[in-house]
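# Chain and residue survey
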Amino acid sequence: MDKQKKQWLKLMGAALKKAAEDKGLDQSEFTDRIIVEHPPRPEMGDLAFPMFPFAKDFRTAPPTIAAAVIEALGEDIPGTVKTAGPYVNVFLDRSALIADLIADSSDETYGTSDLLAGQKIMVEFSCPNTNKPLHLGHLRNDAIGESISRILMASGAEVQKVNLINNRGVHICKSMLAYQKFGEGVTPESSGRKGDHLVGDFYVKFNQWSKEDETAEAQAQDMLRKWEEGDKGVVALWELMNKWTIDGISETYKNTNISFDRYYYESDTYLSGRDEVVKGLEAGVFYKDEDGSIRLDLSDIGMDTKVMLRSDGTSVYMTQDLGTAIARHGDFPFDRLIYVVGAEQEYHFQVLFHALKKLGYSWADMLFHLSYGMVNLPEGKMKSREGTVVDADDLLKTLSDMASEEIRNKDRAEAVGDVEETGQKIALAALHYFLLQVSPYKDMIFNPKESLSFNGNTGPYLQYMSARISSMLEKFEEKKEDYAGISPDYSVLSSDAEWELVKNLSSYPSAVRTAAADLNPSAVACHLYDTAKSFSRFYHDCPILGSDDKVLTVSRINLARAALQVLKNGFELVNIPFLSKM
RNA sequence: GCGUCCAUAGCUCAGCUGGAUAGAGCAUCGGCCUUCUAAGCCGAGGGUCAGAGGUUCGAAUCCUCUUGGACGUACCA
């Protein structure tokens, strides 16, 4: 559709100019002000050009201009035009557009572009703590980060996905301490408990214990100090338990199709961050406060001061992020670094970016905080203390089980083959679609009862449509000989349902472009829903294999194939597994 | 207090750079399985786009104020 839009913009520009000349006006910048739209109802046309903006220049009512423009367009145009009050509505040459679509959408490159060619973009996301398993909030982060990365790649950028493991700090020591006291040597192997959950259990245990024993917090601090000093026993335990957690979390990543090109560990970067702060102090960017801490003065951007290094010389979150950013630019000289991090850390990133700028790093302007909203429950925030946190693995398991049960209830077990595997893929579709259909920056509500549905505007609905197309195409392949030598004729695809589907499929690339420009996967997710819905209507209204007209069958098959390709390509971008059967 | 963000159907969410009668799903009610998978399709009801001003030929969209909410304003991450 892009091609046609551009073509019509040009035609419309020329026509406006001609109409202006006829009136004795000389307005050469008309073309910049032309707006293309889509009429609200299909029977009104495919493209709409409002004439309001030119009313002043022409000193005429828009409908009159519309008529003049149509006059100026003449007869020799690819399609037909009609005035609709102040609008010039265009009806595109359908068969030409369909032929273009079929040709363009033949493979996985449909929807990709070179919009960001040559750009190196680093995307940071997930960033778990190593003291507990992932929860629903992480799943949103992961879904956004992974999807954004894929969308940017599809737009031609060279993308590096990075994860920062927060494996250092007193919260880690709390799990360790509880393990020392109550663990009795239990391991993930001996208990059969997934490593991250096992470590998380001890984190919970610590919090219970600290209520009874008021020295608990101090003991944890003491352990952190020992860790920083390199105490062998503490470091060994730290390494062991970190491995458990990371192994467990990695399994969750694997189950959700999330991956990283590179891992950074806070334990590696906090020291280099400290060096940077010291350098910054010497350079006069930072200053030493009366209390001994090293700070950044932010009064120039209307904020207070911020601690870069504690008075005892230990590092804070900021210290570490400073070191990490600098290390990253060395590893991968990015044109853009996108931090996918919750909105509650906006202040932190403002300070971080400002600090880097003041330290003289020219690339500080290329840092971007993709600030996303929280996932809340109907009763409010998820609170670990109240045990209302939705665990990622539990949620996935619940969804998978529900999907598997659904398969059996519908007597599809035999058709799909591996019920459990299919169930997992349906679960992923449900989850990722649910998380990505919402604009990232908005808070969202997860209602377990309602959100776990597989009907309606959901991921499984999208999968269902792709599965139906697949099995139909399979059937077509079986009787392919019957259609040998039959060529498609797209002028036979004249129903509303077909045309709506064609228009949707044609605008898929622009949905991907929007998603890339706005860093918003929901543009793709929502477009795919429209695709599935359009296909569904087409499929319902238009017999394909059942038609006696072989030309019609072949033409519709090609359209269905295009729909499947769009769904498949889009699924890849929003991390929804494709199923040929369900 | 100050700062940032949000407010669209009973609920969960779309609504592209301002444009024609504001859209989906869920829920409610009513149709459709002798025909390509009913996880489907079709239809009905449901809206003062939080409120008030303003800009504009034209506002859910831009500006100002008010109200309600979230988050932040740590030598936590």
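Above this note sits the structure.
Throughout what follows, the structure given in this document is the object of discussion. (Residues numbered from 1 in each chain as written. Chains lettered and ligands numbered in written order. Predicted model: local features only at pLDDT ≥ 70, side-chain atom pairs only at ≥ 80, totals over all residues. Heavy atoms only, no water.)

Once that is clear, we can look at the overall build of chain A. Scanning chain A from N- to C-terminus turns up 22 helices and 13 strands. In terms of overall dimensions, chain A has a C-alpha envelope of 85 × 65 × 40 Å along the principal axes. Every one of the 582 residues in chain A was classed for burial, and the buried ones make up 51%. By element, 49% of the accessible surface of chain A is carried by carbon and sulfur atoms, the whole surface being about 26,500 Å². Put simply, chain A has 64 plus and 87 minus side-chain charges, and the middle of one group is 2 Å from the middle of the other. (Helix = DSSP H or I, 4+ residues; strand = E, 2+ residues; numbered from the N terminus. Buried < 20%, exposed > 50% of the residue type's maximum accessible area, 1.4 Å probe, protein only. Areas by Shrake-Rupley, 256 points an atom, 1.4 Å probe, with all protein chains shown as cover. Lys, Arg positive; Asp, Glu negative; His and termini not counted. Charge placed at Lys NZ, Arg CZ, Asp CG, Glu CD.)

Attention shifts here to the packing of aromatic side chains. Throughout the structure, instances matching the rule amount to 22 aromatic pairs. Look at Phe 206 and Trp 209: their rings are 5.7 Å apart centre to centre, the planes differ by 75°, and that puts the pair in the edge-to-face class. With Phe 206 and Trp 209 both in helix H8 (residues 195-212), this residue pair falls 3 residues apart, about one helical turn. This pair shows no difference in class: Phe 206 is buried, exactly as Trp 209 is. Judged by centre distance (5.9 Å) and plane angle (35°), the rings of Tyr 339 and Phe 353 are tilted. Of this pair, Tyr 339 sits in strand S10 (residues 336-342) while Phe 353 sits in helix H13 (residues 346-358); the two residues are 14 residues apart in sequence, bridging distant segments of the chain. Summarising the burial analysis for this pair, Tyr 339 and Phe 353 share the class buried. One aromatic cluster in this structure is built from Phe 125, Tyr 253, Phe 260, Tyr 263 and Tyr 265. Over the ring of Phe 182 we find Lys 205; its NZ or CZ atom is 5.7 Å from the centre of that ring. The lysine or arginine in question, Lys 568, covers the ring of Phe 578, its NZ or CZ lying 4.6 Å from the ring centre. (Phe/Tyr/Trp six-rings, centres within 6.5 Å; stacked < 30°, edge-to-face > 60°. Lys NZ or Arg CZ within 6 Å of the ring centre and 35° of its normal.)

This part takes up helix H4 (residues 94-104). Buried residues of H4: Leu 97, Ile 98, Leu 101 and Ile 102, and no others. For H4, the buried positions fall inside an angular range of 135° around the axis, keeping them on one side. Packed against the buried residues of H4 are helix H1 (2-22), strand S3 (87-92), helix H19 (496-506) and helix H22 (550-574). For H4, the N-terminal cap is Asp 93; the gap from its side-chain oxygen to the backbone nitrogen of Ser 95 is 3.5 Å. (Arc of directions from axis to C-beta. Contact = heavy atoms within 4.5 Å. Polar contact = N/O pair within 3.5 Å; in protein donor to acceptor, adjacent residues only side chain to side chain.)

With that settled, consider the packing of helix H9 (residues 216-229) against helix H10 (residues 232-255). Where H9 contacts H10, the axes come no closer than 8 Å and their chain directions differ by 95°. Accordingly, the angle class assigned to the pair H9 and H10 is roughly perpendicular. Across the interface between the two elements, Met 223, Lys 226 and Trp 227 of H9 pack against Val 234, Val 235, Leu 237 and Trp 238 of H10. Each residue belonging to the contact of H9 with H10 can be placed in one class, and the counts come to 6 nonpolar, no polar and 1 charged. (Axes fitted to C-alpha atoms, helices over the stretch in contact; angles between N-to-C directions. Parallel < 35°, antiparallel > 145°, perpendicular 65-115°, else oblique. Nonpolar A, V, L, I, M, F, W, Y, C, P; charged D, E, K, R; others polar.)

With respect to the secondary-structure elements, Gln 565 resides in helix H22. Excluding its chain neighbours within four sequence positions, the residues that come into contact with Gln 565 are Ser 105, Ser 106, Asp 107 and Glu 108.

Purely spatial values, then, with no claim about function.
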